[in-house]
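If you want the building blocks of each chain, they are given just below.
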Amino acid sequence: MENRKTAEKITLVITDISIFLFLFLSVFCRRAVEWYVDLRQFVMTEFEFNLCFVMSLLSGISAIILLMAIHSMLYNVIKNRIFIQKNAFCFKIVSICSLAICLAFLVILIKCRVFIGLVVVLVFMFVGLISYIIFKFMENAIKIKEENDYTI
């Protein structure tokens, strides 16, 4: 029991640190893109650079929203509130944000030829689809739970 509470606290702290990390990266997104372009020695037009910057900013903001939804779900699970509408809604948010990140990096991959985007596209497409499936399962589980609560 003690290990479980410690693991729950550590998970929440890691989620909070990740939120602040993405906030930091979003604030300094332009510098981060400049650093990455210089590091990889990409030759980009100004349009391609600005497109990479905007798509990176969009994906950073989406990641922050996604992590906040995960934090909310973790908090509810710790409080033993699992089959509630808020958790289902959080899975929907995770799905939408994952697909937004996938689309942003798809644009970066196609227009700016940054091929690390291929890995990000595939991972977040998978996460988005799985999250949507879990969202649908949660909706049905919540309906069944509410019907059972009324019959007892």
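Conventions and cut-offs
- Residues numbered from 1 in each chain as written.
- Predicted model: local features only at pLDDT ≥ 70, side-chain atom pairs only at ≥ 80, totals over all residues.
- Heavy atoms only, no water.
- Helix = DSSP H or I, 4+ residues; strand = E, 2+ residues; numbered from the N terminus.
- Rg over C-alpha atoms; globule rule 2.2 N^0.38 Å.
- Buried < 20%, exposed > 50% of the residue type's maximum accessible area, 1.4 Å probe, protein only.
- Contact = heavy atoms within 4.5 Å.
- Salt bridge = Lys/Arg side-chain N within 4 Å of Asp/Glu carboxyl O.
- Axes fitted to C-alpha atoms, helices over the stretch in contact; angles between N-to-C directions.
- Parallel < 35°, antiparallel > 145°, perpendicular 65-115°, else oblique.
- Left-handed = near helix turned anticlockwise from the far one by under 90°.
- Nonpolar A, V, L, I, M, F, W, Y, C, P; charged D, E, K, R; others polar.
- Core = buried A, V, L, I, M, F, W, Y, C linked by side-chain atoms within 4.5 Å.
- Phe/Tyr/Trp six-rings, centres within 6.5 Å; stacked < 30°, edge-to-face > 60°.
- Lys NZ or Arg CZ within 6 Å of the ring centre and 35° of its normal.
- Patch = residues over 30% accessible without salt bridge, like charges linked within 9 Å, V, L, I, M, F, W, Y side chains within 5 Å.
- Areas by Shrake-Rupley, 256 points an atom, 1.4 Å probe, with all protein chains shown as cover.
- Lys, Arg positive; Asp, Glu negative; His and termini not counted.
- Charge placed at Lys NZ, Arg CZ, Asp CG, Glu CD.

Draft legend 1. Looking closely at the overall build of the chain. Along the backbone of the chain there are five helices and zero strands. The C-alpha radius of gyration computed for the chain amounts to 19 Å, which surpasses the reference 15 Å derived for 152 residues by more than 25%, pointing to a less compact arrangement than a globule. Its C-alpha atoms give the chain principal-axis dimensions of about 65 × 30 × 20 Å. Across the 152 residues in the chain, those meeting the buried criterion constitute 34%. Taking the intrachain contacts of the chain between residues at least 6 apart in sequence as the baseline, contacts between residues at least 24 apart amount to 72%.

Draft legend 2. The side chain of Ser-26, seen in detail. Along the chain, Ser-26 falls in helix H1 (residues 2-27). Setting aside residues up to four positions removed in sequence, Ser-26 forms contacts with Leu-57, Gly-60, Ile-61 and Ile-64.

Draft legend 3. Looking closely at the pattern of salt bridges. Tallying each qualifying case throughout the model produces four salt bridges. For Glu-8, the salt bridge is made with Arg-4, and the minimal N-O distance between the two is 3.1 Å. Taken together, the residues Glu-8 and Arg-4, both in helix H1 and four residues apart, mark about one turn of the helix. Since its relative accessible area comes to 48%, Arg-4 is described here as partly exposed.

Draft legend 4. Local environment of the packing of helix H4 (residues 85-112) against helix H5 (residues 116-151). With their axes 7 Å apart at the nearest point, H4 and H5 run at an angle of 160° to one another. Judged by the inter-axis angle, H4 sits roughly antiparallel to H5. Considering the relative orientation of H4 and H5, their crossing is left-handed. Split by residue class, the contact of H4 with H5 holds 20 nonpolar, seven polar and two charged.

Draft legend 5. The arrangement of the nonpolar core in detail. Within the largest apolar cluster, 18 residues are counted, with the highest numbers of intra-cluster contacts made by Val-33, Met-44, Cys-52, Phe-105, Ile-108, Cys-112 and Val-114. Of all elements in the fold, only helix H2 (29-40), helix H3 (46-78), H4 and H5 reach the threshold of two or more residues within this core. If one sorts the elements of this core by residue count, H4 sits on top with six residues. Residues contacting Ile-108, with those up to four places away along its chain left out, are Cys-52, Met-55, Ser-56, Arg-113 and Val-114. Among the nonpolar cores identified, the runner-up in size contains 15 residues, and Leu-67, Ala-88, Ile-93 and Ile-142 belong to it.

Draft legend 6. Structural view of the packing of aromatic side chains. This model, assessed by the stated rule, comprises two aromatic pairs. Pairing Tyr-132 with Phe-135 gives two aromatic rings, centres 5.9 Å apart and planes at 45°, and the pair type is tilted. On the criterion of helical spacing, the pair formed by Tyr-132 and Phe-135 is a turn pair, its members being three residues apart in helix H5. What makes Tyr-132 partly exposed here is its relative accessible area of 40%. The ring centre of Phe-53 lies 5.1 Å from the NZ or CZ of Arg-30, which sits over that ring.

Draft legend 7. Just a positive patch on the surface, in detail. On the surface, a cluster of positive charge is contributed by Lys-5, Lys-9, Lys-79, Arg-81 and Lys-86. Relative to the helices and strands, Lys-9 is located in helix H1. Relative accessible area serves as the criterion here: at 60%, Lys-9 is assigned to the exposed category.

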